[in-house]
Amino acid sequence: MAENIIDNSRGAEWREELRKKLPVKERTQQERVQMNELEPSYRARCREEVNQGLTEAQALVEASRCMDCPNPTCMQGCPVGINIPGFIKNIERGEFLEAAKVLKQTSALPAVCGRVCPQEKQCESKCTYVKMKKPAVAIGYLERFAADYERNSGKAEKPTPAKSNGVKVAVVGSGPAGLSFAGDMAKKGYQVTVFEALHEIGGVLKYGIPEFRLPNAIVDFEIDNLRALGVNFVKDCIVGKTITIAELEKEGFKGVFVASGAGLPRFMGVKGENLIGIMSSNEYLTRVNLMDASNPETDTPVLAGKKVAVIGGGNTAMDSVRTALRLGAERAMIIYRRGEDEMPARLEEVHHAKAEGVEFLTLHNPIEYIGDEKGRVVKMRVQKMELGEPDASGRRSPVAIEGAIEEFDVDEVIVSIGVSPNPIVPNSVDGLAVSKKGTIEVGENMQSNIPTIFAGGDIVRGGATVILAMGDGRKAAAEMDAYLNK
Amino acid sequence: MNKIVSKEYFSANVVKLEVEAPLIAKARKAGHFVIVRVAEKGERIPLTIASSDVEKGTITLVVQKIGVSSQKLTSLNVGDEIADVVGPLGKATHIENFGTVICAGGGVGVAPLLPIVEAMKKAGNKVITVLAARTKDLVILEDQMRKYSDEVVIMTDDGSYGKQGRVTDGIEEIIKREKVDMCVTIGPAIMMKFVSLLTKKYELPTVASLNTIMVDGTGMCGACRITVGGQTKFVCVDGPEFDAHQVDFDEMLMRLGAYREQEQEAMAKLNA
């Protein structure tokens, strides 16, 4: 299906003219655009969004770098199959609203993806420029530009509900996988109800990713679009607790997509880890993002540490450490047991964190926390490491350097070493096939061993990215639609 | 949604609220709790469900004014709506015919003990209920407890009602008097600690229902973590009930104080 769209749109007269307008050589001689950012010392102390987006002039130039390749390999790198040249060429010809429309054909959350997708590992890594040893077209920046332009223009076409096919389907969880599934199914005419356990819709986009990287207003805009499409949202409802999947089926839901996300935070099990002031990144970020705890008007408290250590090297660790700065930390540190090259975080996040003043203690591993008489953490002991042979993940494994132990002061520690899948749905459905790790087992088509139950996102993957979850949602929508029409 | 349909004062600081929540009323069992957010900008707090009425579609919560959120919650009136009530959460109480069961409750912990007393009785146990309070006016739910208990022992610190003494004095007297097979205790953490120390001495299996700090209540944040038998457990999904003899109550008491300063400041601000 994707191929057809490209063939049709690439062959359009305006696209041919656009290609002729600027010779490839001139296109490729232009430098890749730089994202406009807030100044590091300013942004590290406020919640404003760090990346400010591209100007129209910048977007026009960057879009003209794209060569509109006959075989757009970039699309192979996109989990939701966005028609990348299609939207970029619309930007190049100045039809920004049209560009946004192309994005919305396949993505329920373009303004979100334009901000949080690891494009450098996906679409941009497959860009023809990379083969030419040049920086890829800034596809992510352009995606964000088009989505933001539409939202800010006030001319965004409100989506209208598709003709109903009268078939009810349920979605468990309103994070990226659930929202993307809901959007696709609503467009196909299904009556979609999304059940959310928390009091806000959006899942990790709301409780996890901080305001300075993804403002809530943007998430809400995309959710409102889904509402306009006819998607029904029910908050404060835990499927598996408040209502069971069996009860949903009795109420006439013909299919259920489980996208209940990550659950239990992991801890290391080192001595003193339950001292006051030591918490998971889930707790810390939920307090600050979902509960708005740093706002004096809200009732939820949060510890605003002055010497904060964040354990881990992923995106969530970067979000946590940068949040600590914004809450007033004088010293904010990443403690990571491997080297910087092995960090799973996006390069952009690492660069941003460093520019804002975060210290990186790589090749350090916590071995003990020490508390005061009230049980508050005041010190931590770390073991220095060196890199040994590659392990199962292909990364060089950290090995302790005997006797190399350091101790320093901390008053808050955020443990960000991963999560296990949320156990509520897997535990509540008899006979549902679940892996040893607690993830729901699905086939290629995202279908579980119970034919009416599909699943995707972190409840299947264990811990992945927004865009992979969205890709799962899209795929599950197509497959469930096929299954229900059998 | 979540409308308050009745409100009753058990004492100046303890309020019973009956709240419309039909799905929770239907799904809940003894031992379950809900997370409540009183209003926009409110925090999420766990409250154990005291009872429910499936036909009316209501659940009953017994709330003690101790902090900002409980004060805001108890100041709501009949007809007001609570912004968010979500549940039922946690694992239900393990109910079976153990033989003779002591159900020991202190303070506001008596309320969530009621459904357990009822379920234990219905499972065929001989139920001896021990209710403890500082003084006579703070003894709650006595009549309801008598309905499902073979015996109710009331203990007050000042001796103004029942016997004078602590909850542990009441329990010890029973253990010395007759063979007891199981003990369930709910109340302030410090009370449960001493109940646990006592029953451990007599090797009486004891379950404690813990109430810790929580944020989401669904296993996501880990704020409620405690140590049970040397392992980290989450009260919200692994509990709220645990083998009391394995619980590290000192650590739990310490962790309950995590936000004490902020709580005191917030209370001072609210009542200024």
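Structure: see above.
Residues numbered from 1 in each chain as written. Chains lettered and ligands numbered in written order. Predicted model: local features only at pLDDT ≥ 70, side-chain atom pairs only at ≥ 80, totals over all residues. Heavy atoms only, no water.

### A look at the interface of chain B and chain A
Counting from both sides, the interface comprises 44 residues of chain B and, opposite them, 41 residues of chain A. Taking both partners together, chain B and chain A bury about 3500 Å²; carbon and sulfur atoms supply 55% of that area. Among the residues chain B hides against chain A, the three largest losses belong to Met220, Arg225 and Tyr259 of chain B. Together they make up 19% of the total. Taken together, the connections running from chain B to chain A amount to 4 salt bridges. Its salt-bridge partner being Lys235 of chain A, residue Asp84 of chain B comes within 3.0 Å of it at the nearest N-O pair. Our count for the contact surface shared by chain B and chain A stands at 18 residue pairs in polar contact (both at pLDDT 80 or more). Sorting the residues of the side of chain B that touches chain A by element identifies helix H1 (22-27), helix H2 (68-74), strand S6 (84-89), strand S13 (225-228), strand S14 (231-234), helix H8 (249-256) and helix H9 (260-270) of chain B as the ones contributing at least two each. (Contact = heavy atoms within 4.5 Å. Buried area = accessible area lost by both parts, 1.4 Å probe. Salt bridge = Lys/Arg side-chain N within 4 Å of Asp/Glu carboxyl O. Polar contact = N/O pair within 3.5 Å; in protein donor to acceptor, adjacent residues only side chain to side chain. Helix = DSSP H or I, 4+ residues; strand = E, 2+ residues; numbered from the N terminus.)

### Some details on helix H10 (residues 139-153) of chain A
Residues and elements named next belong to chain A. Taking 1.5 Å per residue, 15 residues should reach 21 Å; H10 reaches 21 Å between its end C-alpha atoms and fits that length. Where burial is concerned, most of H10 is hidden: 12 out of the 15 residues are buried. Looking only at H10, the buried set comprises Ile139, Gly140, Tyr141, Leu142, Glu143, Arg144, Phe145, Ala146, Ala147, Asp148, Glu150 and Arg151. Following H10 by one or two positions, Gly154 adopts a phi angle in the positive range, close to 75°. (Expected span 1.5 Å × (residues − 1). Buried < 20%, exposed > 50% of the residue type's maximum accessible area, 1.4 Å probe, protein only.)

### Digging into the pairing of strand S10 (residues 331-336) of chain A
Residues and elements named next belong to chain A. Counting buried positions along S10 yields 5 of 6 residues, so the element is predominantly enclosed. Strand direction decides the pairing type here: strand S9 (residues 307-311) and S10, joined by 5 bridges, are parallel. The residue bridging Val310 from the neighbouring strand is Ile334, located in S10. Read from S9 through helix H16 (residues 315-326) to S10, the crossover connection turns out right-handed. The pairing of S10 with strand S11 (residues 359-362) spans 4 bridges and is parallel. Paired with Tyr336 across the two strands is Thr362, which belongs to S11. After leaving S10, the chain enters helix H17 (residues 347-355) and then returns to the sheet as S11, a path that is right-handed. (Pairing = 2+ DSSP bridges. Right-handed = clockwise from strand over helix to strand, strands pointing away.)

### Overview of the packing of aromatic side chains
Residues and elements named next belong to chain A. For the structure shown, the criterion picks out 7 aromatic pairs over all chains. Their ring planes at 35° and their centres at 6.1 Å tell us that Phe145 and Tyr149 sit as a pair that is tilted. Of the two residues, Phe145 and Tyr149 both sit in helix H10, 4 residues apart, roughly one turn of that helix. Given a relative accessible area of 7%, Phe145 falls into the buried group. Between Phe181 and Phe257, the ring centres sit 4.4 Å apart and the planes meet at 20°, which makes this aromatic pair stacked. (Phe/Tyr/Trp six-rings, centres within 6.5 Å; stacked < 30°, edge-to-face > 60°.)

### Digging into the nonpolar core
Buried together is how nonpolar side chains tend to be arranged in soluble globular proteins. If you look at the biggest cluster of nonpolar residues, it comprises 73 residues, and the most contacted ones within it are Ile84, Phe87, Ile91 and Val192 of chain A. Looking at which element gives the most residues to this core, the answer is helix H20 (residues 466-484) of chain A, with 7 residues. Ignoring any residue separated from it by four or fewer positions in sequence, one finds Ile84 of chain A in contact with Cys74, Met75, Cys78, Cys123 and Ile139 of chain A. Membership of the second largest hydrophobic core comes to 58 residues, among which are Phe267 and Met380 of chain A together with Ile175 and Val195 of chain B. (Core = buried A, V, L, I, M, F, W, Y, C linked by side-chain atoms within 4.5 Å.)

### What about the packing of helix H5 (residues 167-177) of chain B against helix H6 (residues 189-201) of chain B?
Residue and element names in this part refer to chain B. Look at H5 against H6: their axes get within 10 Å of each other, and the N-to-C directions meet at 20°. Judged by the inter-axis angle, H5 sits roughly parallel to H6. The handedness of the crossing between H5 and H6 comes out as right-handed. On H6, the residues that touch Val167, Thr168, Ile171, Glu172 and Ile175 of H5 are Met191, Phe194, Val195, Leu198, Thr199 and Lys201. When its residues are assigned to classes, the contact of H5 with H6 shows 7 nonpolar, 2 polar and 2 charged. (Axes fitted to C-alpha atoms, helices over the stretch in contact; angles between N-to-C directions. Parallel < 35°, antiparallel > 145°, perpendicular 65-115°, else oblique. Left-handed = near helix turned anticlockwise from the far one by under 90°. Nonpolar A, V, L, I, M, F, W, Y, C, P; charged D, E, K, R; others polar.)

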